[in-house]
Structure formats: C-alpha cells, structure tokens
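# Structural description and commentary
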Amino acid sequence: MKVQLLDLAAQYRKIRKEVLREVKAVCDSQHYVLGKHVSALESEIAAYCGAKFAVGVASGTEALLLALMAAGVKAGDRVATTPFTFFATAGSIARLGAVPVFVDIDPETYNIDPVKFESLLKKRGKGVKAAIPVHLYGQCADMDPIMKAARKHGVTVIEDAAQSIGAEYRGKRAGSIGQMGCLSFYPTKNLGCFGDGGMVTTNDQKLAEKLRMLRVHGSRVRYYHDEVGLNSRLDEIQAAVLRVKLKYLGSWAEGRAGNAERFDRLFEKAAINGVISVPRIRDGNRSVYNQYVIRVRKRDKLRAHLAAMGIGSEIYYPLPLHMQKCFRGLGYGKGDFPVSEAAAKEVLALPIYPELTLAQQRAVVAGIAGFYDRGTGARLR
Ligand SMILES: Cc1ncc(COP(=O)(O)O)c(C=O)c1O
C-alpha cells in the first residue's frame with residue numbers, strides 16, 4: 001500500500017467547492033491586496049491564537065524578518081536560537097546582518113533547552129537582543145523558563161510558531177506567549193494556503209502598528225516613509241483560502257493528534273518501541289502534530305526501505321544550522337551542539353495528516369517493523 005508523506009489532494013477534495021467560490025469572489029472583486037479577507041483573517045487568527053493582534057505578511061520567513069525588525073534588531077546584534085530548525089529561523093537573523101547565537105536542544109522535545117538558554121543569557125546577557133525559540137513539529141518550547149530568563153535580561157522573545165498554530169503550552173496558545181509570534185501558511189503547514197503566506201501575532205499594539213508599517217515599505221501615509229521596510233503583504237486570494245480552511249483547523253489538529261495516538265499504540269503492539277522512540281509530548285503541552293517524528297538507528301536505511309515500499313517519510317533536518325556552509329563565518333563546528341547533531345542523524349518524520357487511514361498507518365508500522373525484524377534477525381511478537 002502506497003502512503004504519501006502528505007496528501008494535500010485529500011484535504012482539497014473536501015473543501016474544493018467552498019474554496020473556489022471564495023477565490024472566484026476575490027477575482028470578481030478585483031481587489032487583491034490588503035482587502036477585507038486579510039483584515040478579517042487577521043482578527044480570526046489573533047482570536048485563534050489568543051493574541052490581541054495579527055498582521056498578515058508574505059511568508060513565515062518574512063514574518064520572522066519583520067518581527068526582528070519591529071523588535072529593533074540591527075546589524076551586529078545577537079539573537080539566540082536553536083540550531084535544530086528550518087533554515088529560515090536563523091536565515092532571517094543573518095539577513096538583517098545580526099548574528100545567530102545557537103543554543104542546543106532538549107533531546108526529547110527537540111526544542112531549545114531552557115537551562116542552556118538561561119546560562120547563555122547569564123554569560124552574555126547584555127549582548128543578546130532577542131531570542132527565537134521554535135515550537136518544532138507542533139509542540140511548544142518550554143516557554144515559562146525562557147520568558148523568565150528573557151525578562152531578566154531584557155531580551156525580546158519572538159516565537160517561531162511556523163509549525164505550531166493552535167499548539168498549547170500550559171493553557172496558552174503558540175504565538176501569544178512571547179512579544180511576537182510568527183506563523184507560516186506554506187502549503188505543508190497545518191493551516192496552509194495555495195502558495196506562500198505568513199502572519200505575526202502580538203499582544204502589543206505598538207508592535208502591531210510597527211509591523212503594519214514595515215510590511216508596506218515603512219510607510220504609514222502613502223508615499224511617506226518613516227523607516228525602510230519591505231513589501232511583504234499577504235495576498236487577498238490567500239487570505240480568502242485561509243479563512244475557509246481556518247474553520248476546519250481545530251478538527252484537523254484533532255485528526256492529527258488521534259493519528260499520533262494510534263501510531264503510539266501500533267508501535268507498542270508491534271513491540272518495536274525498544275528500537276524506535278515515538279514523539280514525547282511534555283506535560284502541559286498540547287501538540288498539533290505538524291509532524292510525527294520518530295527516532296531510530298539506521299535511519300537512512302530505514303527510509304530507503306520505506307521508500308521502496310511506497311511509504312513517504314522525511315528528515316527534518318539532516319544538518320543542524322551551525323554546520324551549514326553559509327554559517328561557517330560564525331565560528332561554530334562539529335561537536336558544538338551534540339544533542340542537535342545526534343537528533344539530525346536519527347529523526348524521521350512519518351505521514352500524519354488527518355485523512356490518513358488506519359490501514360495506511362498499519363502499513364507504515366508494518367514496514368518499519370519488517371525492516372528491524374529483518375535487520376536484527378529477531379522475531380517480532
Ligand atoms: C520552523 C520554521 N520556521 C520558519 C519557516 C518559514 O516559513 P515560510 O516557508 O512560510 O517562509 C518554516 C517553514 O517552512 C518553519 O518550519
């Protein structure tokens with residue numbers, strides 16, 4: 001049985017009529033930039049995330065870039081973040097001429113280690129202007145100690161919630177905890193549009209106003225520019241698509257969580273939970289499972305074995321950011337962040353989308369069990 005890593009067509013089939021009706025209405029209106037759908041979506045997303053304001057922008061990457069700019073991060077400033085994330089997190093820091101300062105991760109959640117974060121701020125508190133904890137795979141970073149340390153050292157916290165819209169940490173939603181939160185609407189995200197899109201959430205009115213100014217070339221009054229911003233707006237068509245999808249987001253997140261529970265049980269039943277580690281969700285956290293990531297030995301061989309069976313999987317991410325060629329100038333090297341480096345060798349994301357069937361999940365688990373059974377020679381119960 002073939003199982004794709006993500007089957008967007010299955011989702012599209014269910015909402016096609018509704019989405020096409022809304023897209024057609026936007027085309028008929030001929031109003032494509034910053035129209036009623038963008039402002040309505042901003043209110044709806046702010047409410048969904050438990051934040052007061054939300055500002056639609058062109059992508060998750062530019063949400064990060066604009067949030068850093070709104071926080072006053074300038075060339076030469078240091079910004080603390082994790083090396084175990086998608087490139088955009090650190091790329092947006094470097095794009096401003098600021099310096100990413102990496103902090104290793106917790107081995108179970110793959111999110112920034114709050115103890116190491118605090119000790120970095122203790123050592124170099126004054127030099128760190130902002131921090132970007134990432135809520136990886138759909139689970140929030142341990143935000144209470146992060147916020148406490150950041151407050152103590154005057155560090156602005158920007159949550160990278162690109163993978164985690166709707167995720168909860170001790171009753172609060174991703175994007176409502178730090179000074180700002182950044183969302184991505186890239187198609188593979190839990191709330192994905194038909195191209196690129198993003199949003200910044202905040203509880204701070206001044207930051208919201210600044211973000212609105214920065215996304216239109218730093219202009220509050222047309223053709224008068226207070227600052228050098230960029231052109232980074234969410235398209236009206238994308239906002240219309242997202243408003244349709246937002247109605248289903250809660251049930252899709254439940255579907256993902258249900259599938260995750262089912263995987264946990266199936267792996268236990270197949271008695272390979274000694275060979276693989278299933279995702280660990282911390283007490284007080286509610287994951288939205290943008291990814292279901294297992295940890296295994298012989299990962300690359302397992303992946304090839306699954307691919308040969310028609311089962312999709314992916315590695316998020318194979319090379320930690322401190323080891324990327326473009327960041328060589330930062331002076332980091334192999335061995336600097338051992339927890340991230342070990343994770344990069346062992347993580348494997350499996351299909352988890354809400355439309356996944358029990359039969360498909362069984363096929364994935366059987367594929368993995370078959371590989372280790374064959375590989376170890378040990379019979380599985
Ligand atoms: C953790 C993380 N940060 C930032 C981004 C950037 O978002 P986008 O692709 O919308 O620019 C992504 C998504 O790709 C992501 O996964």
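Residues numbered from 1 in each chain as written. Predicted model: local features only at pLDDT ≥ 70, side-chain atom pairs only at ≥ 80, totals over all residues.

## A short note on the overall build of the protein chain
Across its full length, the protein chain carries 11 helices and 15 strands. Its C-alpha atoms give the protein chain principal-axis dimensions of roughly 70 × 55 × 35 Å. Every one of the 381 residues in the protein chain was classed for burial, and the buried ones make up 49%. (Helix = DSSP H or I, 4+ residues; strand = E, 2+ residues; numbered from the N terminus. Buried ≥ 20, exposed ≤ 12 C-beta atoms within 10 Å, placed from the backbone.)

## Here we look at the environment of K345
One can find K345 in helix α10 (residues 338–346). When the 13 C-beta atoms within 10 Å are taken as the criterion, K345 is described as partly exposed. Spatially, the C-alpha atoms of K345 and I315 are 8.9 Å apart, while their sequence positions differ by 30 residues.

## Points about the domain arrangement of the protein chain
When the domains of the protein chain are assigned, the result is domain 1 (8–243) and domain 2 (249–376). Between the C-alpha centres of domain 1 and domain 2 there is a distance of 25 Å. Between domain 1 and domain 2, the contact holds 32 residues from the first and 27 residues from the second. The set of elements that each furnish at least two residues to the side of domain 1 that touches domain 2 consists of α1 (8–29), β3 (99–102) and β6 (168–169). If one sorts the elements of the side of domain 1 that touches domain 2 by residue count, β3 sits on top with 3 residues. (Domains from an automatic or database assignment. Contact = placed C-beta atoms within 7 Å.)

## Digging into the sheet that holds strand β12 (residues 276–277)
Strand order across the open sheet formed by 3 strands is β12-β14-β15, with antiparallel pairing between neighbours. Either end of the sheet is taken by a strand with one partner, and the two such strands are β12 and β15 (347–350). (Pairing = 2+ DSSP bridges.)

## Topic: the sheet that holds strand β13 (residues 285–286)
Pairing within the open sheet is antiparallel, and its 3 strands lie in the order β7-β6-β13. The open sheet has two free edges, formed respectively by β7 (172–173) and β13, since each of these has just one partner strand. Where β6 lies against β13, 2 bridges are found, and the strand directions are antiparallel. Pairing of E168 across the sheet is with R286, part of β13.

## A short note on the pairing of strand β14 (residues 292–296)
When you tally the buried positions in β14, you get 4 out of 5 residues, the bulk of the element. Inspection of the sheet shows β14 paired to β15 by 4 bridges, in the antiparallel sense. Among the inter-strand pairings, Y292 is bridged to a residue of β15, identified as L350.

## Structural notes on helix α7 (residues 205–214)
Within α7, 7 of the 10 residues are buried, which leaves the element mostly enclosed by the surrounding structure. For α7, the complete set of buried residues consists of L207, A208, K210, L211, R212, M213 and L214. Against β1 (53–57), α3 (60–70), β8 (180–184), β9 (198–202) and β10 (219–221) lie the buried residues of α7.

## Observations concerning the packing of helix α2 (residues 36–49) against helix α8 (residues 236–269)
In the contact formed by α2 and α8, the axes pass within 9 Å of each other and the chain directions differ by 40 degrees. Judged by the inter-axis angle, α2 sits oblique to α8. Relative to α8, the crossing made by α2 is left-handed. Residues H37, V38, A40, L41, E44 and Y48 of α2 lie in contact with α8, whose contacting residues are E236, A239, A240, L242, R243 and L246. Counted by class, the contact of α2 with α8 contains 8 nonpolar, 1 polar and 3 charged residues. (Axes fitted to C-alpha atoms, helices over the stretch in contact; angles between N-to-C directions. Parallel < 35°, antiparallel > 145°, perpendicular 65-115°, else oblique. Left-handed = near helix turned anticlockwise from the far one by under 90°. Nonpolar A, V, L, I, M, F, W, Y, C, P; charged D, E, K, R; others polar.)

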